[in-house]
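Letter by letter, the chains look like this.
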Amino acid sequence: MTIHNLYIFDRNGILVYYGEWNRKKVPSMSKEEEGKLVYGMIISLRGVIEKVSPLDIKDNSFHYRTSKYKMNFWESPSGVKFVMNTDLNSPNVKELLRSIYTQVYVEYVVKNPLCVQGEFINSELFAQKLDEVIKASLSYTSRTV
Amino acid sequence: MAVQPQPFSGAEELPLELLHGELVCSEVLLSKDKDINELLSKLEFIGFSTGYRLIERLLKESPRFKDELETIKFICKDFWTAIYKKQIDNLRTNHQGTYVLQDNSFKFLSRISATKQNLEHGPKFLAYTCGMVRGALANLGIASVVIAEVTTMPTCRFHITITRSV
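- An unreviewed UniProt entry lists chain B under the name Trafficking protein particle complex subunit 6B, from Allacma fusca.

- If you check an unreviewed UniProt entry, chain A appears there as Trafficking protein particle complex subunit from Allacma fusca.
- Its UniProt record gives chain A the following Sequence similarities (unreviewed entry) comment, quoted word for word: "Belongs to the TRAPP small subunits family. BET5 subfamily."
- As recorded by UniProt, the Subunit (unreviewed entry) comment attached to chain A reads in full: "Part of the multisubunit transport protein particle (TRAPP) complex. The heterodimer TRAPPC6B-TRAPPC3 interacts with TRAPPC1 likely providing a core for TRAPP complex formation."

1. Quick notes on the sheet that holds strand S5 (residues 81-86) of chain A
All names here are of chain A.
- One open sheet holds the five strands; their spatial order is S2-S1-S5-S4-S3, and the pairing between them is antiparallel. Two strands bound the open sheet, and with one partner strand each, they are strand S2 (15-20) and strand S3 (61-65). Across the sheet, the axes of successive neighbouring strands diverge by a mean angle of 10°, strand direction being ignored.
- Inspection of the sheet shows S3 paired to strand S4 (residues 70-75) by five bridges, in the antiparallel sense. Bridging across to S4, Arg 65 finds its partner in Lys 70.
- The strands touched by helix H2 (residues 93-110) within the sheet are strand S1 (3-9), S3, S4 and S5, with S5 carrying the most contacts at an inclination of about 130°.

2. Concerning the pairing of S4 of chain A
Residue and element names in this part refer to chain A.
- Extensive coverage of S4 is indicated by the burial of six of its six residues.
- By the alternation rule, side chains of S4 split into Lys 70, Asn 72 and Trp 74 and Met 71, Phe 73 and Glu 75, which are all buried.
- Between S3 and S4, which follow one another and run antiparallel, lie four residues.
- Of the strand pairs in this sheet, S4 and S5 are connected by six bridges, and their pairing is antiparallel. Following the sheet pairing, Glu 75 is matched in S5 by Lys 81.
- Joining the antiparallel neighbours S4 and S5 is a turn of five residues, in which Gly 79 adopts a positive phi near 95°.

3. Observations regarding the pattern of salt bridges
- Per the counting criterion, the structure on display carries 13 salt bridges over all chains.
- Between Lys 81 of chain A and Glu 75 of chain A there is a salt bridge, and its shortest N-O distance comes to 3.6 Å.
- Its relative accessible area of 4% is what places Lys 81 of chain A among the buried residues.
- Classification of Glu 75 of chain A by relative accessible area gives buried; the value is 14%.
- Here Lys 111 of chain A and Glu 107 of chain A are joined by a salt bridge, their closest N and O atoms 3.3 Å apart.
- Connected via shared salt-bridge partners are Glu 107 and Lys 111 of chain A together with Glu 17 and Arg 111 of chain B.

4. A few points about the confidence of the model for chain B
All names here are of chain B.
- On average, residues of chain B score 82 in pLDDT, and 87% of them reach the 70 mark or higher.
- Here helix H1 (residues 14-29) stands out as the element of chain B with the lowest mean pLDDT, 82, in contrast to helix H4 (residues 127-139), whose mean of 91 is the highest.
- Prediction confidence for the complex, expressed as pTM and ipTM, is 0.82 and 0.75 respectively.

How each quantity is defined
Residues numbered from 1 in each chain as written. Chains lettered and ligands numbered in written order. Predicted model: local features only at pLDDT ≥ 70, side-chain atom pairs only at ≥ 80, totals over all residues. Heavy atoms only, no water. UniProt positions renumbered as here; feature names shortened; annotations may be inferred. Pairing = 2+ DSSP bridges. Helix = DSSP H or I, 4+ residues; strand = E, 2+ residues; numbered from the N terminus. Axes fitted to C-alpha atoms, helices over the stretch in contact; angles between N-to-C directions. Contact = heavy atoms within 4.5 Å. Buried < 20%, exposed > 50% of the residue type's maximum accessible area, 1.4 Å probe, protein only. Salt bridge = Lys/Arg side-chain N within 4 Å of Asp/Glu carboxyl O. pLDDT = per-residue confidence, 0-100.

Structure, rendered in structure tokens:
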């Protein structure tokens, strides 16, 4: 499984973190603009999914796949949204995003008194721990696949 | 493969951690017009009162300490465990009234940084604990001065200098 990049938005739609591990194409716009674009897209998509859904299920995660990549979305109960682009054969990204939330975001952002809610996350410790979780998940799935 | 999340695991020490974080941030980091030393000594005094009362509660059943070193060892083990759920990692002394307590992953600093980032904010999170140690020793009849230093987060050292003991 290849993880391309990860966006984290807070409940107001502000991009609080962007991590990139494997992005081949150079982005054509700035990080903030891209963040707004992705956020607008997931909010609209989530709205459409709920309205058009033939089943009465309210889920906090969905994904879409193109012929080249898969975009996964997961939202925490407190409104923190995780958007991760991976390659096509990546199982259990929902679990991965949930574990990123509990093991990295809550531990090193929520519990960090110097991290102000609503601002971009500057903590190097957060970036380091996130990296570790991502690399651990990559090696896990490459062993089992 | 899915791990069920345990509700509220490890949440017993969370209120103290969060409260302390808020105390430091709102008092010290955000009030830029007041003198920072005044605010830090206020924080240290709050710690002093807390430590003073806490040691009374912790020593309900223990016998009197044989000597100063036993007292400091109690601080390193039981006192630290009661508050931070771990013990002091390293204790050094010159046997003449100076003790250095080293904690390799201090509770209040472990979520902030593991490198040199935010090093200047480190000491602010130690003022309360310095006060607690000083208060605990004071109630045991040992007057002391406690200062703390941080070289690399999250490791920190507390220097206790005994001024007079009864």
